[in-house]
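Overview (structure and organization)
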Amino acid sequence: MERTNAFNSNTTINSNHYIGVWATRDGLIRHEFLPNGRYTEARGDKQNAYSGYYSVLGNHVEYLDDTGFTAEGDFRDGVYYYAGMVLVKQAA
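Please read these numbers as outputs of a predicted model, since none were measured by experiment. (Residues numbered from 1 in each chain as written. Predicted model: local features only at pLDDT ≥ 70, side-chain atom pairs only at ≥ 80, totals over all residues. Heavy atoms only, no water.)

Observations concerning the sheet that holds strand β8 (residues 85-89)
Spatially, the 8 strands close up into a barrel ordered β1-β2-β3-β4-β5-β6-β7-β8, and their pairing is antiparallel. With strand direction ignored, the average angle separating the axes of adjacent strands in the sheet is 30°. Here strand β7 (residues 79-82) runs beside β8; their pairing, made up of 4 bridges, is antiparallel. Looking at β8, one finds that Tyr80 is bridged to Leu87. (Pairing = 2+ DSSP bridges. Helix = DSSP H or I, 4+ residues; strand = E, 2+ residues; numbered from the N terminus. Axes fitted to C-alpha atoms, helices over the stretch in contact; angles between N-to-C directions.)

This is how it looks when you write it as structure tokens:
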């Protein structure tokens, strides 16, 4: 499989199945995957708790936060699993 984005902000992500907002069932954690290869993570009332680049290989996501830390997650059966959390896609 070809990596969709190698942490390059000039790359446009064309796969719509994960672009958008994914949230925990209680709504406290929200990830927004943007089509330009960037993401933002909201936590509670803090809208931009984290932001940076993401890269997708198949159903696997790797993050490079603007502060330098890395993380990863996986899409499985319409659910996003990230750092022990379960996120579902929100309606547009």
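Examining the pattern of salt bridges
Note on pairing: side chains with opposite charge can pair once their charged atoms come close. Taken as a whole, this structure holds 2 salt bridges when the rule is applied. A salt bridge links Asp66 to Arg38; the nearest nitrogen and oxygen atoms lie 2.8 Å apart. Here Asp66 is found in the loop between β5 (60-65) and β6 (70-76), whereas its partner Arg38 is found in strand β3 (residues 38-43), with 28 residues between them in sequence. The partner of Glu41 in a salt bridge is Arg43, with the nearest N and O atoms 2.4 Å apart. What makes Arg43 partly exposed here is its relative accessible area of 34%. (Salt bridge = Lys/Arg side-chain N within 4 Å of Asp/Glu carboxyl O. Buried < 20%, exposed > 50% of the residue type's maximum accessible area, 1.4 Å probe, protein only.)

Here we look at unusual backbone geometry
Note: most peptide bonds trans; most residues except glycine with negative phi. A positive phi angle, near 55°, is found at Asp77, a position not held by glycine. A positive phi angle is found at Ala83, which is not glycine, with a value near 50°. Mapped onto the elements, Ala83 comes out in the loop between β7 and β8. Taking relative accessible area as the criterion, Ala83 reaches 62% and is therefore assigned exposed.

Details of the packing of aromatic side chains
Given two aromatic rings, one states the distance between the centres and the angle between the planes to describe the pair. For the coordinates displayed, the defined rule picks out 14 aromatic pairs. A ring pair is formed by Tyr50 and Phe69, whose centres lie 5.5 Å apart and whose planes are at 90°; its orientation type is edge-to-face. One end of the pair, Tyr50, is in strand β4 (residues 46-57); the other, Phe69, is in the loop between β5 and β6, and 19 residues separate them in sequence. We classify Tyr50 as partly exposed; its relative accessible area is 32%. On the basis of relative accessible area, Phe69 is assigned to the partly exposed category, the value being 33%. Aromatic rings pair up to connect Tyr18, Trp22, Phe33, Tyr39, Tyr54, Tyr63, Phe75, Tyr80 and Tyr82 into one cluster. Note that Arg38 overlies the ring of Tyr53, its terminal NZ or CZ placed 4.5 Å from the centroid. The side chain of Arg76 reaches across the aromatic face of Tyr81, ending 4.1 Å from its centre. (Phe/Tyr/Trp six-rings, centres within 6.5 Å; stacked < 30°, edge-to-face > 60°. Lys NZ or Arg CZ within 6 Å of the ring centre and 35° of its normal.)

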